[in-house]
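Structural characterization, general
In case you want the letters, here they are:
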Amino acid sequence: MAGMGDGYVGTAQDAVRIRRLEKQREAERKKIEEMKTKSDKGGPGLLQFGSSTSEILETAFKKETVGLVTREQYVEKRVTIQNKIEEEEKEKLQKLRQEEEEAQLAKRKKRKIKGNSKLSFSDDFEDGGEDEDGGIEEPVPNKLARGKFGKDPTVETSFLPDSEREAEEQAEREVLRKQWVREQEQIKNEALQITYSYWDGTGHRRAIQCRKGDSIGEFLRSVQQQLAPEFREIRTTSVENLLYVKEDLIIPHQHSFYELIVNKARGKSGPLFHFDVHEDVRTIADATIEKDESHAGKVVERHWYEKNKHIFPASRWEIYDPARKWERYTIHGD
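Residues numbered from 1 in each chain as written. Predicted model: local features only at pLDDT ≥ 70, side-chain atom pairs only at ≥ 80, totals over all residues. Heavy atoms only, no water.

By the naming in an unreviewed UniProt entry, the protein chain goes by FAM50A/XAP5 C-terminal domain-containing protein and is assigned to Linum trigynum.

Looking at the overall build of the protein chain
When you go through the protein chain residue by residue, the secondary structure sums to nine helices and six strands. Sequence-distant contacts, at least 24 apart, represent 51% of the contacts inside the protein chain between residues at least 6 apart. Looking at the protein chain as shown, the accessible area adds up to about 25,100 Å², and 52% of this sits on carbon and sulfur atoms. (Helix = DSSP H or I, 4+ residues; strand = E, 2+ residues; numbered from the N terminus. Contact = heavy atoms within 4.5 Å. Areas by Shrake-Rupley, 256 points an atom, 1.4 Å probe, with all protein chains shown as cover.)

Details of a negative patch on the surface
Where like charges cluster on the molecular surface, the negative patch consists of Glu164, Glu166, Glu168, Glu169 and Glu172. Relative to the helices and strands, glutamate 169 is located in helix 5 (residues 163–188). (Patch = residues over 30% accessible without salt bridge, like charges linked within 9 Å, V, L, I, M, F, W, Y side chains within 5 Å. Salt bridge = Lys/Arg side-chain N within 4 Å of Asp/Glu carboxyl O. Lys, Arg positive; Asp, Glu negative; His and termini not counted. Charge placed at Lys NZ, Arg CZ, Asp CG, Glu CD.)

Some remarks on the pairing of strand 5 (residues 297–301)
Counting buried residues in strand 5 gives four out of five residues, a clear majority hidden from the surface. Here strand 1 (residues 191–199) runs beside strand 5; their pairing, made up of three bridges, is parallel. Note on strand 5: the bridge partner recorded for serine 197 is lysine 298. Bridge count for strand 3 (residues 242–246) against strand 5 is four bridges, and the pairing is antiparallel. The residue of strand 5 that forms the bridge with tyrosine 244 is valine 299. (Buried < 20%, exposed > 50% of the residue type's maximum accessible area, 1.4 Å probe, protein only. Pairing = 2+ DSSP bridges.)

Focus: unusual backbone geometry
Here the amide bond leading from phenylalanine 312 into proline 313 is cis, since omega sits at 10 degrees, within 30 degrees of zero. You will see that glutamate 247, though not glycine, has its phi angle at about 55 degrees, which is positive. Summarising the element assignment, glutamate 247 is placed in the loop between strand 3 and strand 4 (249–251). Here aspartate 248, not a glycine, exhibits a phi torsion of approximately 65 degrees, which is positive. Following the sequence through the fold, aspartate 248 ends up in the loop between strand 3 and strand 4.

Structural notes on a nonpolar patch on the surface
On the surface, Tyr74, Val75 and Val79 cluster together into a nonpolar patch covering about 250 Å² of accessible area. The topology assignment puts valine 75 in helix 3 (residues 71–116).

Structural notes on the sheet that holds strand 3
Spatially, 2-1-5-3-4-6 is the arrangement adopted by the six strands of the open sheet, whose pairing is mixed. One side of each edge strand has no neighbouring strand; the edge strands of this open sheet are strand 2 (203–211) and strand 6 (318–319). Note: strand 3 against strand 4, three bridges, orientation antiparallel. Bridge assignment links tyrosine 244 to a residue of strand 4, and that residue is isoleucine 251.

What to know about the nonpolar core
As a rule of thumb, soluble globular proteins bury nonpolar side chains together. Ranked by internal contacts, the top residues of the largest apolar core, which has 26 residues, are Ile194, Phe219, Leu220, Tyr244 and Phe257. Secondary-structure elements contributing two or more residues to this core are strand 1, strand 2, helix 6 (216–227), strand 3, strand 4 and helix 8 (257–262). Per-element tally for this core: the top contributor is helix 6, with five residues. When residues no more than four places from it in sequence are discounted, the contact partners of leucine 220 are Val239, Leu242, Leu243, Tyr244, His253 and Val299. (Core = buried A, V, L, I, M, F, W, Y, C linked by side-chain atoms within 4.5 Å.)

Topic: the packing of aromatic side chains
This structure, assessed with the given rule, holds seven aromatic pairs. For the ring pair tyrosine 196 and phenylalanine 219, a centre distance of 6.0 Å and an interplane angle of 90 degrees mean the geometry is edge-to-face. With tyrosine 196 in strand 1 and phenylalanine 219 in helix 6, the pair connects residues that are 23 residues apart, well separated along the chain. Ring centres of tyrosine 244 and phenylalanine 257 lie 6.4 Å apart, and the angle between their planes is 75 degrees; on these two criteria the pair is classed as edge-to-face. (Phe/Tyr/Trp six-rings, centres within 6.5 Å; stacked < 30°, edge-to-face > 60°.)

Let's talk about the pattern of salt bridges
Summed over all chains, the structure comprises 13 salt bridges. Where arginine 211 meets aspartate 214, a salt bridge forms, and the shortest distance between an N and an O atom there is 3.1 Å. Residue aspartate 214 is classed as buried on the basis of its relative accessible area, which comes to 12%. Several salt bridges converge on common partners, so that one network encompasses Glu26, Arg29 and Glu33.

Section: helix 6
The terminal C-alpha atoms of helix 6, which comprises twelve residues, lie 16 Å apart, in line with the 16 Å expected from a rise of 1.5 Å per residue. Restricting attention to buried positions, one finds in helix 6 the residues Ile216, Gly217, Phe219, Leu220, Val223, Gln224 and Leu227. Take helix 6 and look down its axis: the buried residues cluster within an arc of 155 degrees, on one side only. (Expected span 1.5 Å × (residues − 1). Arc of directions from axis to C-beta.)

Remarks on the side chain of threonine 195
When you line up the elements, threonine 195 lands in strand 1. Residues contacting threonine 195, with those up to four places away along its chain left out, are Arg205, Arg206, Ala207, Phe275, Asp276, Val277, Ala296 and Gly297.

Following this line, the structure appears as structure tokens:
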């Protein structure tokens, strides 16, 4: 093999490429020799190699006007050459436009093919392609290449992120939140009749009306105004020195009746969300059913409580803790 020694090491593909390049070099060498031969005989020869059509026509015009020629012949030859040059320029411009249109058409087709593909590996299904030698590969027949991929309408997609759906849900949640707030405000503004007993060692039962949203401190201020005309010690004390004891639990001033009602708070001897007075009037005792009793809450002066907290019933009283749950009610003892 020309150009390769006996010690050549390479693949069969490399050997084929080398043979093809050698044939191309041989063809070019013969072409150059033919042009040199024509040039020696007076033909265009190498003059045309690498020259444009206008240059060739100019050279031909110079050769034809060598020697003595009349003015008319010179003008006629010049006009003929000029017309040929203009036609050659028009043909070249038309050819460039045609090539540009073909290139734009090829780009549009390529973009259309890419736009129709639905999968990331759809490039593997495109017909044709160039190999490393510049040739065009034959398209591989494949049913998937002719198929169209799209969304499956039967697939459940509700769990996927959707900005529009999330915005609608957020707006709906906001509407429900505002509605809930309005309903709670209406509940807080409802009237609540509370039966209580001012306790100074003996009970002085009274009833007063307030709102469900009122705090214990606001309730005690109203109680002080109601009791002041009758009890001198109430007139001289402040609201901070009054205690509200419900079902053997001292309710701090910051808690509200609404909070006790909504949470269905439980005390040691009865529910904290009933503020009337009633007893369990069942004729048949049933241990599986809890007694339904509500006792009047006590309003106590702090000084009296500190002096008598070791004596019943004050000895049973504890501070109310919302985190502590009372599973069953007791009347006496712990």
